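In case you want the letters, here they are:
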Amino acid sequence: SCFPEFVKNYGTAILRPVTLPNFIMATLLHGGPWTVLWSYVGVDASRRIQQNAADESITDPLLKIGLIVGGFVGIVVSPLVLVLFLRDVRRRP
């Protein structure tokens, strides 16, 4: 995500309590894909080290797709969801 962890943690601390279902959904939707992506990046880096690969280009199509989708989610989707959430919070009495 493009927001630092302390911003997200303190931001949710000053708002109304987050329900358990919302917390679980947000954790799975946000944390799950990033966990898979960073794990896959680690596997790819390990494979390159073991093969002494000097080529720095990304040749694995699955990794390319993951990085593109992850970048799009981090730069576009995550801030958009935050804006929609904050707009909804302002409308509540």
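Owing to the predicted nature of the structure, the values given are computational and were not obtained by experimental measurement. (Residues numbered from 1 in each chain as written. Predicted model: local features only at pLDDT ≥ 70, side-chain atom pairs only at ≥ 80, totals over all residues. Heavy atoms only, no water.)

## Let's talk about the overall build of the chain
When its secondary structure is counted, the chain shows three helices and zero strands. Counting helices and strands in the order they occur from the N terminus, the chain gives α-α-α. Buried positions account for 10% of the 93 residues belonging to the chain. (Helix = DSSP H or I, 4+ residues; strand = E, 2+ residues; numbered from the N terminus. Buried < 20%, exposed > 50% of the residue type's maximum accessible area, 1.4 Å probe, protein only.)

## Focus: the packing of helix α2 (residues 20-51) against helix α3 (residues 61-91)
For the pair α2 and α3, interaxial distance at closest approach is 10 Å and the crossing angle is 140°. Here α2 is positioned oblique relative to α3, judged by the angle of their axes. Like other packed secondary-structure pairs, α2 and α3 cross with a definite hand, here left-handed. Contacts between α2 and α3 pair Trp34, Leu37, Tyr40, Val41 and Asp44 from the former with Leu62, Leu63, Gly66, Leu67, Gly70 and Gly74 from the latter. Considering only residue class, the contact of α2 with α3 consists of seven nonpolar, three polar and one charged. (Axes fitted to C-alpha atoms, helices over the stretch in contact; angles between N-to-C directions. Parallel < 35°, antiparallel > 145°, perpendicular 65-115°, else oblique. Left-handed = near helix turned anticlockwise from the far one by under 90°. Contact = heavy atoms within 4.5 Å. Nonpolar A, V, L, I, M, F, W, Y, C, P; charged D, E, K, R; others polar.)

## Details of the pattern of salt bridges
All chains considered together, the criterion is met by one salt bridge. Of the charged contacts, one joins Arg47 and Asp44 as a salt bridge, the two residues approaching to 2.9 Å between their closest N and O atoms. Taken as a pair, Arg47 and Asp44 lie in helix α2 at a separation of three residues, close to a single helical turn. With a relative accessible area of 34%, Arg47 lands in the partly exposed category. A relative accessible area of 9% places Asp44 in the buried class. (Salt bridge = Lys/Arg side-chain N within 4 Å of Asp/Glu carboxyl O.)

## Some details on a nonpolar patch on the surface
A grouping of Ile14, Leu15, Leu82, Phe85 and Leu86 is seen on the molecular surface, where their side chains present a nonpolar patch of about 430 Å² in accessible area. Relative to the elements of secondary structure, Ile14 occurs in helix α1 (residues 5-14). A residue is classified by how much of its surface remains accessible, and Ile14, at 74% relative accessible area, is exposed. (Patch = residues over 30% accessible without salt bridge, like charges linked within 9 Å, V, L, I, M, F, W, Y side chains within 5 Å. Areas by Shrake-Rupley, 256 points an atom, 1.4 Å probe, with all protein chains shown as cover.)

## Observations concerning α3
Given a rise of 1.5 Å per residue, 31 residues ought to cover 45 Å, and the 43 Å separating the end C-alpha atoms of α3 matches this to within 8%. All buried positions along α3 are accounted for by Leu63, Gly70, Gly74 and Ser78. On its buried face, α3 sits against α2. (Expected span 1.5 Å × (residues − 1).)

## Some points on the confidence of the model for the chain
Per-residue confidence for the chain gives a mean pLDDT of 77, with 88% of residues at or over 70. Confidence, read as mean pLDDT per element, is least for α1 in the chain (73) and greatest for α3 (81). (pLDDT = per-residue confidence, 0-100.)

## Thoughts on the environment of Val41
Its location among the elements puts Val41 in helix α2. C-alpha separation for the pair Val41 and Gly66, spaced 25 residues apart in sequence, amounts to 9.4 Å.

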